Amino acid sequence: MNEPIIKLEKVVKRFGDTTVLNELDFEVQPGEKVTIIGPSGSGKSTVLRILMTLEGIDSGMIYVAGQPLWHEYKNDALVPAGEAHLRNMRKHMGMVFQQFNLFPHMTVRRNITEAPVHVLGLSKHEARQRAEEYLELVGLADQADKFPRQLSGGQQQRVAIARALAMRPRIMLFDEPTSALDPELVGEVLSVIQRLSQEHDLTMLLVTHEMQFAQQISDRVCFFDKGVIVEQGTPETLFANPVEPRTREFLKGVTLEATVEQDA
Ligand SMILES: Nc1ncnc2c1ncn2[C@@H]1O[C@H](COP(=O)(O)OP(=O)(O)OP(=O)(O)O)[C@@H](O)[C@H]1O
């Protein structure tokens, strides 16, 4: 097995008195597509937000691409990471949020070129070429001059995916990318993510409530509860033969919901 591209060792995260991640151990291999499922409040989004350095940790160690994320070496000693280290580490990762988080006052093209120019130092011309490349990939080549408000939610989310990809990250983090969308717009976003997962050697870490989709795209599914991984495995084993009672209970509810929706 390769060196993991993401490694969490005994990570603890608290909000006030609540322990959200409880000595979490978790690894992702390069190129692996991993889905995190679990009940509301189990800490799924927190894992992604910590990786993207949007939230700090209370204890434990995290490594991304072989380097400590929340720590850095100074004179051979491991110390809490400074802003420059965090900025560098963030370049390994792109994140897609539930609520798209596009810049409302910028065109689609500008949303995508902004970070490659200002963070990576690309020329405007290079960044525009990249924007075109990734807009093409998400099927929105003809929307570059529009503003986010002129697009549907599904289109906005596809722009958000193009924007994250334009930084050429090695790791893509998706935090419930379809849960803010009207049901009829979910499919177009899932199919872009599915294409990405098939055609690119990106490492993907996805939090989703779309169980069928998780089943289709994942190499591995992790069931989270109360800040730890209760059970994990290939989609075939986890969905068909969950072993742990908590996983069984969760998946029972999920199947029921999906059936109700289909019947409606
Ligand atoms: N910034 C914050 N301040 C205080 N509590 C927080 C904060 N962010 C998350 N929490 C709490 O941490 C717990 C885990 O949140 P998290 O968003 O990771 O859960 P989740 O598994 O992704 O849930 P969901 O499926 O509902 O999105 C929840 O109890 C949440 O209320």
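So, here is what we can say about the structure in this document. Here the structure is a predicted model, which means the values were calculated and not measured.

1. A look at helix H1 (residues 44-51)
Here is step 1: Of all eight residues making up H1, six are buried, and the element is well covered by its neighbours.
Here is step 2: A positive backbone phi angle near 65° is found at Thr53, which sits one or two residues after H1.

2. Some thoughts on unusual backbone geometry
Here is step 1: Look at Phe100: it is not a glycine, yet its phi comes out positive at around 65°.
Here is step 2: Structurally, Phe100 can be placed in the loop between strand S8 (93-96) and helix H3 (108-118).
Here is step 3: Residue classification places Phe100 among the buried residues on the basis of a relative accessible area of 11%.
Here is step 4: Even without glycine at this site, Arg168 takes up a positive phi of about 45°.
Here is step 5: Position of Arg168 relative to the elements: it lies in the loop between helix H5 (153-165) and strand S9 (171-175).

3. Some details on the nonpolar core
Here is step 1: Core analysis: the largest hydrophobic core is formed by 35 residues, its most contacted members being Ile161, Met172 and Phe174.
Here is step 2: When contributions to this core are tallied by element, the ones reaching two or more residues are H3, helix H4 (124-137), H5, S9, helix H6 (183-199), strand S10 (203-207) and helix H7 (211-217).
Here is step 3: Take this core: its biggest share by element is seven residues, from H6.
Here is step 4: Apart from residues no more than four positions distant in its own chain, Met172 is found in contact with Gly94, Val96, Ile161, Ala164, Leu165, Leu202, Thr203, Met204 and Leu205.
Here is step 5: Counting 34 residues, the second largest nonpolar core, distinct from the first, contains Val28, Val34, Ile57 and Leu205.

Conventions and cut-offs
Residues numbered from 1 in each chain as written. Predicted model: local features only at pLDDT ≥ 70, side-chain atom pairs only at ≥ 80, totals over all residues. Heavy atoms only, no water. Buried < 20%, exposed > 50% of the residue type's maximum accessible area, 1.4 Å probe, protein only. Helix = DSSP H or I, 4+ residues; strand = E, 2+ residues; numbered from the N terminus. Core = buried A, V, L, I, M, F, W, Y, C linked by side-chain atoms within 4.5 Å. Contact = heavy atoms within 4.5 Å.

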